[in-house]
Amino acid sequence: MLILAGQGNPGPAYAGNRHNIGFRAVDAIASRWAFGPERSRFQGLAREGTIDTAAGPVKALILKPQTFYNESGRSVAAALKFYKLTPADLVLFYDEIDLAAGRFRMKTGGGAAGNNGVRSVTAHIGPDFRRARLGIGHPGHKDRVHGYVLSDFHKTEAGWVSALLDALADAAPLLAQGEDDRFQAAVMRLAPAEKLDPRKPGDPA
């Protein structure tokens, strides 16, 4: 059993924000693999389903915490406790300003790097969970970060955003098998993006 949790803020006002690409990532996986209907659970919105892999189907729960981004650890911890899972059974999808737009990296463990949502999850379950870091680029100065992540993607970014989300969904069997390095490589093969300096925004599409 896996929990695939996305970071984001609840409600239509935030739906298009850069901060909500984690929600969009898990939605794309749920749609691609025909997960069940969304319902309220664990202080969030959850969908159950399976991802077909070479080794057979893997059960998964898609979770979008509705506690607001900075308190998402409460929702994630409740789901892990209910299913008697460990942090290694969690993959957290979230926006990463220290990666260029369209880049993607997997890692396990580590610090929060200033991300309050990651800090909340760590505070509730510890740091040893799997992280799916979705590059959105950096606005160029730390004083602009708050407004940047809470603003919508520009229409010129739609191409790389859609390509990245589709790639995540298509490569999900590798993630479900625990092959994070191969998953990362497959996503970047399916949705290639230039290795730009994240503090110098550019369209990698």
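Look above for the structure.
All residue numbers refer to positions counted from 1 along the written sequence of the respective chain. Per-residue local features of the predicted model are confined to residues with pLDDT of at least 70, and side-chain atom pairs are confined, for both listing and counting, to 80 or more; whole-chain, interface and lining totals are unaffected and use all residues. The basis for every side-chain value is the complete set of non-hydrogen atoms in the structure, without hydrogens or water.

**Student:** Would you mind showing me how to read the pattern of salt bridges here?
**Tutor:** It is possible for side chains bearing opposite charge to pair when their charged atoms get close. The term salt bridge refers to a side-chain nitrogen of Lys or Arg lying within 4 Å of a carboxyl oxygen of Asp or Glu. A full pass over the atoms with the stated rule returns nine salt bridges. A salt bridge links Glu 157 to Arg 18, with the shortest nitrogen-to-oxygen separation between them at 2.8 Å. Pair noted here: Glu 157 is in the loop between helix H4 (145–149) and helix H5 (158–170) and Arg 18 is in the loop between strand E1 (2–6) and helix H1 (21–32), with a separation of 139 residues, a long-range link. For every residue, the accessible area (1.4 Å probe, protein chains only) is compared with the maximum for its type, and the residue is labelled buried under 20%, exposed over 50%, or partly exposed between those bounds. When its relative accessible area of 11% is taken as the criterion, Glu 157 is described as buried. Overall, Arg 18 belongs to the buried group, its relative accessible area being 7%. Here Arg 130 and Asp 180 are joined by a salt bridge, their closest N and O atoms 2.5 Å apart. Placement of the pair is Arg 130 in strand E7 (residues 130–135) and Asp 180 in helix H7 (residues 180–190), with a sequence separation of 50 residues. Of the two residues examined, Arg 130 and Asp 180, each falls in the buried class. Shared partners join several salt bridges into a network, and the residues in it are Asp 27, Glu 38 and Lys 64. Each helix corresponds to a stretch of at least 4 residues labelled H or I by DSSP, and each strand to a stretch of at least 2 residues labelled E; elements are numbered beginning at the N terminus.

**Student:** Looking at this structure, how should I read the side chain of Asn 115?
**Tutor:** In this structure, Asn 115 sits in the loop between strand E6 (104–108) and helix H3 (116–125). Residues adjacent in sequence count toward polar contacts only when both atoms are side-chain atoms; beyond that, a polar contact is any pair of N or O atoms within 3.5 Å, and within protein one must be able to donate a hydrogen and the other to accept it. Within the structure, the side chain of Asn 115 is placed 2.9 Å from the backbone nitrogen of Gly 117, a separation counted as a polar contact. The contact criterion used throughout is that any non-hydrogen atoms of two residues lie within 4.5 Å. Contacts of Asn 115, omitting those with residues within four sequence positions, involve Gln 7, Tyr 69, Tyr 94 and Asp 95.

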